[in-house]
Amino acid sequence: MDKTWNNKAWFMVLPVLLLVAFNAIIPLMTVVNYSVQETFGDNVFFFHGVGWFQDVMHSERFHAALLRQLFFTAIILAIQIPLGVAIALTMPRKGIWVSVCLVLMALPLLIPWNVVGAIWNIMALPDIGLLGRGLNSMGFDYNYTRQPFAAWFTLILMDVWHWTSLVVLLAYAGLISIPDAYYQAAKIDGASRLAVFRYIQLPKMKRVLTIAILLRFMDSFMIYTEPAVLTGGGPGNATTLLSIDLVKIALGQFDLGPAAAMSIIYFLIVLLLSWVFYTLMMRNEAQS
Amino acid sequence: MKRVIWLVPALYILFLMVPIYWLVNMSFKTTNEILGSFTLWPTNFTLENYEKIFTDPTWYSGYINSIIYVSINTLISVSVALPAAYAFSRYRFLGDKHLFFWLLTNRMAPPAVFALPFFQLYSAIGLFDTHIAVALAHCLFNIPLAVWILEGFMSGVPKEINETAYIDGYSFPKFFAKIFMPLIASGIGVTAFFCFMFSWVELLLAKTLTSVAAKPIAAVMTRTASTSGYELGLLAAAGALTIIPGAVVIYFVRNYIAKGFALGRV
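Residues numbered from 1 in each chain as written. Chains lettered and ligands numbered in written order. Predicted model: local features only at pLDDT ≥ 70, side-chain atom pairs only at ≥ 80, totals over all residues.

Any chance you could break down the overall build of chain A for me, citing the residues and the numbers?
A count of helices and strands for chain A gives 12 helices and 3 strands. Counting every position in chain A, which comprises 288 residues, the buried fraction comes to 41%. Sequence separation of 24 or more characterises 71% of the internal contacts of chain A that already satisfy a separation of 6 or more. (Helix = DSSP H or I, 4+ residues; strand = E, 2+ residues; numbered from the N terminus. Buried ≥ 20, exposed ≤ 12 C-beta atoms within 10 Å, placed from the backbone. Contact = placed C-beta atoms within 7 Å.)

Summarise the interface of chain B and chain A; cite the residues concerned and give the values.
Listed as interface residues are 80 residues of chain B and, on the opposing side, 72 residues of chain A. At 11 residues, helix α1 (residues 7–27) of chain B tops the list of elements feeding residues into the side of chain B that touches chain A. Of the residues assigned to the side of chain B that touches chain A, the class counts are 66 nonpolar, 8 polar and 6 charged. For strand β1 (residues 4–5) of chain A and strand β1 (residues 91–92) of chain B, the ladder comprises 2 bridges, and the chain directions are parallel. When the sheet's bridge partners are listed, W5(A) is paired in β1(B) with R92(B). (Nonpolar A, V, L, I, M, F, W, Y, C, P; charged D, E, K, R; others polar. Pairing = 2+ DSSP bridges.)

Describe the nonpolar core, listing the residues and the values that go with them.
Generally speaking, soluble globular proteins have nonpolar side chains that are buried together. Ranked by internal contacts, the top residues of the largest apolar core, which has 161 residues, are L169(A), L170(A), A171(A), A81(B), A84(B) and V147(B). Looking at this core element by element, the count peaks at 17 residues for helix α7 (residues 131–155) of chain B. When residues are assigned to domains, this core turns out to be shared by domain 1 (1–46) and domain 2 (57–261) of chain B, each giving three or more. For L170(A), the contacting residues outside a window of four places in its chain are V208(A), I211(A), A212(A), A258(B), F261(B) and A262(B). (Core = buried A, V, L, I, M, F, W, Y, C linked by C-beta atoms within 7 Å. Domains from an automatic or database assignment.)

Residues and numbers for the domain arrangement of chain B, please.
Residues and elements named next belong to chain B. With domains assigned, chain B is organised as domain 1 (1–46) and domain 2 (57–261). On the domain 2 side, the residues contacting the 8 residues of domain 1 number 7 residues. Looking at the side of domain 1 that touches domain 2, the elements with two or more residues in it are α1 and α2 (31–36). The element contributing the most residues to the side of domain 1 that touches domain 2 is α1, with 4 residues. Its residues assigned to classes, the side of domain 1 that touches domain 2 comprises 4 nonpolar, 3 polar and 1 charged.

Report on the packing of helix α1 (residues 9–35) of chain A against α7(B), specifying residues and quantitative values.
Helix-helix packing is described using two parameters, namely the angle between the two axes and the distance between the axes. Interhelical geometry of α1(A) versus α7(B) gives an angle of 135° and a closest axis separation of 8 Å. By the angle between their axes, α1(A) is oblique relative to α7(B). The interaxial crossing formed by α1(A) with α7(B) has left-handed handedness. In this structure, α1(A) uses V16(A), L19(A), V20(A), N23(A) and A24(A) to contact α7(B), whose residues at the interface are L136(B), A137(B), C139(B), L140(B), I143(B), P144(B) and V147(B). Residues of the contact of α1(A) with α7(B), tallied by class, amount to 11 nonpolar, 1 polar and no charged. (Axes fitted to C-alpha atoms, helices over the stretch in contact; angles between N-to-C directions. Parallel < 35°, antiparallel > 145°, perpendicular 65-115°, else oblique. Left-handed = near helix turned anticlockwise from the far one by under 90°.)

Which residues make up the environment of W120(A), and what are the values?
Residues and elements named next belong to chain A. Among the secondary structure elements, W120 is positioned in helix α5 (residues 113–124). Overall, the presence of 28 C-beta atoms within 10 Å leaves W120 in the buried class. For the pair formed by W120 and V31, sequence separation is 89 residues and the distance between their alpha carbons is 33 Å.

Break down the environment of G246(B) for me, citing the residues and quoting the values.
Inspection of the secondary structure puts G246(B) in helix α13 (residues 232–253). Here G246(B) is in contact with L110(A), I111(A) and M197(B), once residues within four sequence places are set aside.

Can you explain the packing of α1(A) against helix α4 (residues 57–90) of chain B? Please cite residues and give values.
As a packed pair, α1(A) and α4(B) sit with axes 8 Å apart at the nearest point and diverge in direction by 135°. Put simply, α1(A) runs oblique to α4(B). When the axes of α1(A) and α4(B) are compared, the crossing they make is left-handed. For the pair α1(A) and α4(B), contact is made by A9(A), M12(A), V13(A), P15(A), V16(A) and L19(A) and by V80(B), A81(B), P83(B), A84(B), Y86(B) and A87(B), respectively. Taken together, the residues of the contact of α1(A) with α4(B) sort by class into 12 nonpolar, no polar and no charged.

Residues and numbers for the confidence of the model for chain B, please.
Confidence along chain B averages 85 in pLDDT terms, with 94% of residues attaining 70 or more. For this predicted complex, the interface score ipTM comes out at 0.86, while the overall pTM is 0.87. (pLDDT = per-residue confidence, 0-100.)

Account for unusual backbone geometry, naming residues and giving values.
Residue and element names in this part refer to chain B. The residue D129 is not glycine, and still its phi comes out positive at about 65°. The topology assignment puts D129 in the loop between α6 (111–124) and α7. The class of D129 is partly exposed, set by 15 C-beta atoms lying within 10 Å.

Spelled out as structure tokens, the structure:
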């Protein structure tokens, strides 16, 4: 649609701009402020330059947390995107079961994040939880509060449980927008199931899948509440993802300078990667 | 092959339901039964946990607080997002594309980054521990979301509608309220649902900005879990109750939920 050029439209955007700027720019400037200052307490601050940034960039602890974070996000994307697409492909297309599937699948998305953590905490307790007790009685030695591998396993299972439905819903929305004529044409041409997927369904899902990847990337990179409730970053530091480490430094040890510098680096990473996805998304939109 | 294909979604739904079943199951058990034995369903069925939540003010006020700030937030977000989304969908103006992306970046800001500055900001303006503070703070990610979703719905309405209305002699406010709003009613509904939902599930900011008077249910849960030892049954009951609001409204938006998650872009 061609839009008219009208700078008065700014007035319509103004309330949004003011409210979001109040919440975004003031706290962000506070963080920037802390990141370049040093304090010895009593609210006396002095300029420290880029010292904190250098410290954070060279800190083993930050590298380890960042690595764990990247690892986590990579696993989440590698599991949830294909799984979500597979489930969307096998979902019914019409009838009452569509509503049943949609409602039940969307349910985990609407549960408060700390409750998600609590649910899996209760589920995975080795002595009284269904999952923990079940695995142990099958002969696996499973205790997520002591074994790093078990903690990671539980964490990933929890996130798959929590967020795969998002990918399913988006992929499904992309699939049902394909007109029947496309499938009929494929049938006449004698296309195989794989060819239908590769040349009809996948291209049609491209747009929604880009959004799904963008959202899943952003949210899994920022994940805090669920692992904080489930494992609290333990055992040891095994599941201390970036945001958990950040909260430990900022609120636990009250090291404001390093925490602020780390926040900014963290935010820039998310921003940069999201911008790449966003540009891809807008390019797709321009094409279609 | 065709016969067993329904197994995939069925198994997936089973996987989704088992942990919820375990939560509900546990909420009907006594603490003794939870800690003493392993049972797949409650043998001494009890409503004790729910009774405690509905009679103890620290518990039920948590739900009331959450609902208050979530409602305020939804109201603010949708009402300021409506004109903005209209501007983005109908006009081009200086810096519009940059502004649109900047809005999205706020959805990307890790709340962990903002927790402490938010605490200081809202303490400084004297709003700490009020419902309005949490409602305003949640605008950070809910307003961009609302603008994006509404813009998607509004772009689907043909522009000719505007012109016809002007020829019929409608003024802009009258056109917006009488003709345009009903056309995107489902969009407004979905947007309100999403604002409600994201404000409802967020914990970190809500917990940071409140202490007593406006404490959300999520914070009551985490604090109780750590102070009064291991009252798992109570925790499970409180958790089960937080699922209900989402479960009630989800049926009405089921066909639009994907469009909402795609930020209005399916």
